[in-house]
Structure formats: C-alpha cells, structure tokens
Amino acid sequence: MPPGTRRCIVTRDCRPQAELVRFVLDPQGQVVPDVDRRLPGRGFWLSPARDVLEMAARKNLFARAARRSVTVPADLADRVDHLLARRCLDTLGLARRAGQAVTGFEKVRDRLRAAAKGDVPAVLVTARDGGSDGRGKISALAAAVCGPRTPPLVVGFDAEELGRPLGRDRAVHVAVDRGRLAGIFLESSALLAGFRPGPMILGVADVLEASRRGPPDATDPDAPARDQDRPDPCET
C-alpha cells in the first residue's frame, strides 16, 4: 500500500488514513474506536459508514482480522458518532480560543466581506435547525466574494451543539479560518457524515439551488420553519 494509507477490513478499499476510522482492542478484547488514531495496539480500519461497521460486526470481521475472539459492543456505531462529534466540536472550541473562528450572522458576514482581500475562510458552519433564509444569505455572499475558492458548508450540527464549545447557548453561523484546526474539523465532519442521517457537508452551490427552488411546502408537517430576515438573537 502507498505510505499513509490503510485498507478497510470490510470493503478492502485502500484509502488515506484520514478517510478511515481506526479501531483497536482493549485489554479485555473489546473493540474500541480510536478516532484520534493514537491508541496503542494493532489498528483495524473501516470506511466511515454505519452500514460498513454493522457488516464488520455481523460477519465477525474484527475477530478475523485480529485472529482472536473479540467483543463488539452493540452501540459501537453510536460511540463512533459521539466521539467524532466531540472531536469536531472540541476543535471548534480550540479555534475560537485561538482567534480562528467567528460566530454570529453579522460577524460571519463581515468575515466573508473581508475575504474579498484574499483571505478566504476554510469552512463555514450553519446549524441544521437554523432556517434556510440565513443560510441562503451567507451562501450567496460566500459565492459572490470567494468565487471558485468558496469554502464548504458544514450543516450537520444543531445550534445547541455548536453553542457549547463556542461559549453560547446557541450558535447558528460560524466561520473558521484556514489552518490545522480547520483541517481537523473538516476531516472529522467528513467521517461523521457516514454515521449521521441527513447531509453533513454541502457545497454553497447546493444551498443556492435549494433556495432558488423556494421554501418547503407549508402543508408538509415535517418541513422546517423558515428563518426571519433578522439574525438569530442569540448570535448578535
């Protein structure tokens, strides 16, 4: 295999380590997620998808790879979800403390306007339970200012989830500057996408296309409520 790559024990695909989830065995032989890729012991690598992990457990592929009996917790996929989400959110908190992240509609808008001078954010984040109006406005500004360098949009976290590491009750809009922390956040978000329902990372073009199609049908009881034109009061 090329340096820095590993093979998924289920799909047998060879991929960069950053695109796979690592597992190890604890002293009792239980399968443990190692999302930071730091735990000692032989690693077992899986493609980042809930169904892949479930197949590995169902077909005893961890035991086959380890050449010994192992215990696979019934909630292993949920543990991976939790650990990857925590890694994402802890990284956002570090970015905030390092002065590499801004929070709130107005601050994100100002940060994007400043990107016209060349310093484009690495990633934008909008809460999945935030409304479509604010997301659409941020996406339109990002597309206008950043052009082909428009950053991806992470949309897989609730406002309360985002608020905790950012020192707020809720956070709906976040921009993260380029650097190592932004890279870790994006990498972890991409892995988490395989374990959470719904989209995790969108292109700005996808958001703008959805905006052009108009708001959800008001007769749909599952349709999310639309934003008002004003920013979220918790973000000002």
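Rules behind the numbers
- Residues numbered from 1 in each chain as written.
- Predicted model: local features only at pLDDT ≥ 70, side-chain atom pairs only at ≥ 80, totals over all residues.
- Heavy atoms only, no water.
- Salt bridge = Lys/Arg side-chain N within 4 Å of Asp/Glu carboxyl O.
- Buried < 20%, exposed > 50% of the residue type's maximum accessible area, 1.4 Å probe, protein only.
- Helix = DSSP H or I, 4+ residues; strand = E, 2+ residues; numbered from the N terminus.
- Pairing = 2+ DSSP bridges.
- Core = buried A, V, L, I, M, F, W, Y, C linked by side-chain atoms within 4.5 Å.
- Contact = heavy atoms within 4.5 Å.
- Axes fitted to C-alpha atoms, helices over the stretch in contact; angles between N-to-C directions.
- Polar contact = N/O pair within 3.5 Å; in protein donor to acceptor, adjacent residues only side chain to side chain.

Some points on the pattern of salt bridges
Then step 1. In total, this model carries 15 salt bridges according to the counting rule given.
Then step 2. Close ionic contact of Arg-111 with Asp-119 constitutes a salt bridge, the shortest N to O distance being 3.5 Å.
Then step 3. Residue classification places Arg-111 among the buried positions, given a relative accessible area of 12%.
Then step 4. Among the ionic pairs, Glu-161 bridges to Arg-196, the shortest N-O distance being 3.0 Å. Taken together, the residues Glu-161 in helix H6 (residues 159–163) and Arg-196 in the loop between helix H7 (180–192) and strand S10 (201–202) connect sequence positions 35 residues apart. Across this residue pair, the class does not change: Glu-161 and Arg-196 are buried.

Points about the pairing of strand S3 (residues 21–25)
Then step 1. Buried residues dominate S3, accounting for 4 of its 5 residues.
Then step 2. Here S3 runs beside strand S5 (residues 44–46); their pairing, made up of 3 bridges, is antiparallel. Residue pairing across strands places Val-21 opposite Leu-46, the latter belonging to S5.
Then step 3. Turn length for the S3-strand S4 (residues 31–33) hairpin, with the two strands adjacent in sequence and antiparallel, is 5 residues, and the turn residue Gly-29 shows positive phi of about 85°.

Concerning the nonpolar core
Then step 1. Residues Phe-23, Leu-46, Leu-53, Phe-62 and Phe-157 are the most contacted members of the largest nonpolar core, which totals 51 residues.
Then step 2. Considering each element in turn, this core owes the most residues, 9 residues, to helix H3 (residues 76–97).
Then step 3. The residues touching Leu-46, leaving out its near neighbours within four places in the chain, are Cys-8, Ile-9, Val-10, Leu-20, Val-21, Phe-23, Val-52, Leu-53, Ala-56 and Phe-62.
Then step 4. By size, the runner-up hydrophobic cluster in this structure holds 16 residues, among which are Val-108, Leu-153, Ala-175 and Val-204.

Digging into unusual backbone geometry
Then step 1. Of note in the backbone geometry, Arg-12 takes a positive phi value of approximately 70° without being a glycine.
Then step 2. With respect to the helices, strands and loops of the structure, Arg-12 is situated in the loop between strand S1 (5–7) and strand S2 (14–16).
Then step 3. Assessed through its relative accessible area of 49%, Arg-12 is described here as partly exposed.
Then step 4. With a phi angle near 60°, Asn-60 is a residue other than glycine that sits in the positive phi range.
Then step 5. By secondary structure assignment, the location of Asn-60 is in the loop between helix H1 (50–58) and helix H2 (61–66).

Concerning the sheet that holds S5
Then step 1. If you walk across this open sheet you meet the 3 strands as S4-S3-S5, and the pairing is antiparallel. Two strands lie at the open edges of the sheet, namely S4 and S5, each paired on one side alone. Within the sheet, the average angular offset between the axes of one strand and its neighbour, ignoring direction, is 35°.

Quick notes on the side chain of Asp-177
Then step 1. Inspection of the secondary structure assignment puts Asp-177 in the loop between strand S9 (173–176) and H7.
Then step 2. At 2.8 Å, the side chain of Asp-177 and the side chain of Arg-111 are in polar contact.

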